[in-house]
Amino acid sequence: MSKTETMSAGQTDDIRVSHVLRSPKLLTRETLAGVITALALIPEVISFSVIAGVDPKVSLIASVVLCLTLSLLGGRPAMVTAAAGSVALVIGPMVHTHGVEYILPAVVLGGVIQILFGLAGLARMMRYIPRSVMLGFVNALGVLIFFAQVPHVWGQSPLVWGLFAATLVIVLLLPRIVKSIPSPLVAIVAVTAAALLLGWRVPNVADEGPMSAGLPSFTQLLVPLNLNTLQIVWPTALSVAFVGLMESLLTAKLVDDITDTPSSKRRESWGLGIANILAGFYGGIAGCAMIGQTIVNVEMGKARSRVSTVVAGLVLLLLVTGLSTLMAQIPMVVLAGIMMVVAVKTVNWHSLQPATLKRMPWSETTVMVLTVAITVWTSNLALGVLAGVIVAMMLFARRIAHVIRAEREVMGEVATYTVRGPLFFASSNDLFEHFDYAHDPKTVVIDLTHAQIWDASSVAALDGIVHRYGRYGVQVEIIGLDGRSGEFHERLSGKLG
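Numbers given to residues run from 1 along each chain, matching the order in which its sequence is written. For this predicted model, a pLDDT threshold of at least 70 governs which residues receive local features, and a threshold of 80 or more governs which side-chain atom pairs are given and counted, while totals over whole chains, interfaces and linings are taken from all residues. Only heavy atoms go into the side-chain values, all of them from the structure, while hydrogens and water stay out.

(A) Structural context of the pairing of strand β3 (residues 405-411). Strands pair, by our definition, only if DSSP identifies at least two bridges between them. Only runs of H or I of at least four residues qualify as helices and only runs of E of at least two qualify as strands under DSSP, and these elements are numbered from the N terminus. Sheet analysis places β3 next to strand β4 (residues 414-423), joined by seven bridges and oriented antiparallel. For Glu407, the partnering residue across the bridge sits in β4 and is Thr418. Where β3 hands over to β4, the hairpin turn is made up of two residues, of which Gly412 adopts a positive phi near 65°.

(B) Looking closely at the sheet that holds strand β5 (residues 443-453). The sheet built from four strands is open, its strands ordered β3-β4-β5-β6 with mixed pairing. The two strands at the open ends of the sheet, each matched to only one other strand, are β3 and β6 (475-479). Taken over all neighbouring pairs, the strand axes of this sheet differ in orientation by 20° on average, direction set aside. Here a residue-residue contact requires only that any non-hydrogen atoms of the pair lie within 4.5 Å. Between the N-to-C directions of two axes lies an angle of 0 to 180 degrees, each axis being a line fitted to C-alpha atoms and, for a helix, fitted only over the stretch in contact. Along the sheet face, helix α19 (residues 456-471) touches β4, β5 and β6 and points at about 170° away from the line of β5.

(C) A look at the pattern of salt bridges. We define a salt bridge as a contact between a side-chain nitrogen of Lys or Arg and a carboxyl oxygen of Asp or Glu at a distance within 4 Å. If you walk through the whole model with that rule in mind, you get six salt bridges. Residue Arg76 is joined to Asp256 by a salt bridge in which the shortest nitrogen-to-oxygen separation is 2.7 Å. Taken together, the residues span a long stretch of sequence, with Arg76 in the loop between α3 (56-73) and β1 (81-82) and Asp256 in helix α9 (residues 227-259) at a distance of 180 residues. Each member of the pair, Arg76 together with Asp256, is buried. Each of Arg76, Asp256 and Lys265 takes part in one network of salt bridges that share partners. Exposed residues in this analysis have more than 50% of their type's maximum accessible area, buried residues have under 20%, and partly exposed residues fall in between, with area computed by a 1.4 Å probe over protein chains only.

(D) Up close: empty space enclosed by the protein. Using a grid of 1 Å spacing that covers the protein atoms alone, one calls a set of points a cavity when a 1.4 Å probe fits there but cannot get out, and a pocket when the set is open and has protein on both sides within 12 Å along at least five of seven lines; lining residues are those with an atom within 4 Å of a point. Grid points are joined across faces, edges and corners, and a volume is the space filled by probe spheres set on the points. Here the structure, examined in full by the defined rule, presents three cavities of 30 Å³ or more. Computed from the structure, the largest cavity encloses a volume of approximately 50 Å³. In terms of lining, the largest cavity is formed by Arg131, Ser132, Leu135, Ser351, Thr356, Leu357, Met360, Glu364, Thr365 and Met368. Of all elements in the fold, only α6 (131-149), α15 (354-359) and α16 (362-378) reach the threshold of two or more residues within the lining of the largest cavity.

(E) Representation of the state of the cysteines in the model. Throughout, disulfides are identified as pairs of cysteine sulfur atoms within 2.5 Å of each other. Taken as a whole and assessed by the stated rule, the structure comprises zero disulfides. Considering cysteine sulfurs only, Cys288 is the nearest to Cys67, which forms no disulfide, with 13 Å between them. The class for Cys67 is buried, based on a relative accessible area of 2%. Cys288 gets classed as buried once you look at its relative accessible area, which sits at 0%.

(F) Just the environment of Val90, in detail. Note on placement: Val90 falls in helix α4 (residues 85-98). Judged by its relative accessible area of 16%, Val90 falls in the buried class. Filtering out sequence-adjacent residues up to four positions away, Val90 remains in contact with Thr236, Ser239, Val240 and Val243.

(G) Here's a closer look at the nonpolar core. Among the nonpolar cores identified, the biggest contains 103 residues, and Leu39, Ile42, Ile91, Ile129, Leu316, Ile330 and Val334 are the most heavily contacted of them. Apart from residues no more than four positions distant in its own chain, Leu316 is found in contact with Ala38, Leu41, Ile42, Leu60, Ser63 and Val64. Side-chain atoms within 4.5 Å link the members of a nonpolar core, which is a set of buried Ala, Val, Leu, Ile, Met, Phe, Trp, Tyr and Cys residues. The next biggest cluster of nonpolar side chains, apart from the first, holds 21 residues, and it includes Ala406, Phe435, Val459 and Phe488.

(H) Focus on the packing of aromatic side chains. Note on ring pairs: Phe, Tyr and Trp rings are taken, using the six-membered ring of Trp, and paired if centres are within 6.5 Å. Classes follow the plane angle, with under 30 degrees stacked, over 60 edge-to-face and the rest tilted. Enumeration over the complete set of coordinates arrives at 11 aromatic pairs. Judged by centre distance (6.2 Å) and plane angle (45°), the rings of Phe435 and Tyr437 are tilted. Here the two residues Phe435 and Tyr437 agree in accessibility, since each one is buried. Through pairs of rings, three or more aromatic residues link up here, namely Tyr417, Phe432, Phe435, Tyr437 and Tyr469. The criterion is that NZ of a Lys, or CZ of an Arg, lies within 6 Å of the ring centre and within 35 degrees of the ring normal, and then a charge sits over that ring. Seen from the ring of Tyr437, Arg468 lies directly overhead, with NZ or CZ sitting 4.9 Å from the centre. Directly above the ring of Trp454 sits Arg484, whose terminal nitrogen or CZ lies 4.4 Å from the centroid.

Right, here's the structure in full:
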């Protein structure tokens, strides 16, 4: 993205925020969306802290830092960033093997990598993720969010099931009556109040981890900065950087589609790096976009500006510091019910309809199913997306490899082959088989006017064709190359061994 584009995007955000601040209606909407988003963050962040092997308070404070920093520096307004499960999954093994003291250098190094990724403009690679992988990502996410909530409902007491039913009724039916107040917020307040006033003992946020009030101190560096430390932290740092980037950029693309507005992926990348470095020093763990909570903010809360995420960060800070006792009393079942509704709305049900699957090419359906399967199996969105992209590329290469055509025309003592289609490593092998080496006349012309050479494999294939014709004493002339292909062919022909 150019400097002009970055300034334009920033000016648009400033106008949007100022417009929200001048409109009581919009400000109320954004504020309420931020409140329910903060409440939706709590159970997942606490759960993920257990996976990473760190104190829940550490993850909550890191989430405050991440949310507020990306509210100011991020490239996608209304997207929620916090200490995420995908990042916890890659940090956990290092913590269990070497200890929590290695988190800080790993997170800081991961943040530096993300900043370099953003400044280098590598976020543009997101355009190469096909729609089938995006659908798999969204559908897998819905499955993971849903089943992560099941233990808070399944196997619980009839009272918990009753509160679960009440949550669903409020969340799903209240919007038909009252649209000005987010139904998830009403559900949280109503169910929590009922549990407290009636003395019902049900599993609550306090059961997920200790919720002491106050702020932690800055994270201290407890390991020496030497090659041994680097050897321990660099694999985790790379995983933190790329898993975080992949999930954040995919989430940004999803919010772009939901809101029909663009975002700066480059700004989001370096902004995430800075946020993770700050979270490492104050909080102690890295994070990335939280797609479930982003859906809560954007879909259920109808948020569209940075105001909502600033509010979410401030409310979370208030809950962690001053209102931790009250926050600890929120029943887990009401948060689980809300997230289940989010999960169901996250899934792209149209992509799963039999009529849609019947119309879709089998290769795209395979990629979508594979992305879902690997993501659900590993509980790692980045791994599922990576596998989906690799398989999509392989299937695309296989399909395009067979679009090469070579039309043969013999006039007197000259055989002309007109080649049509792109020549690259997969299709060049096909090209080799289109020629009648034993029966062609003594002069062969290969016309590449309607073809392009894209890699060294194609040059090697053309050299091989000329060499095979040479066994029969046939002269081969290659014509019709465009400027780039001609220069490429001239530079490599005869020098590839």
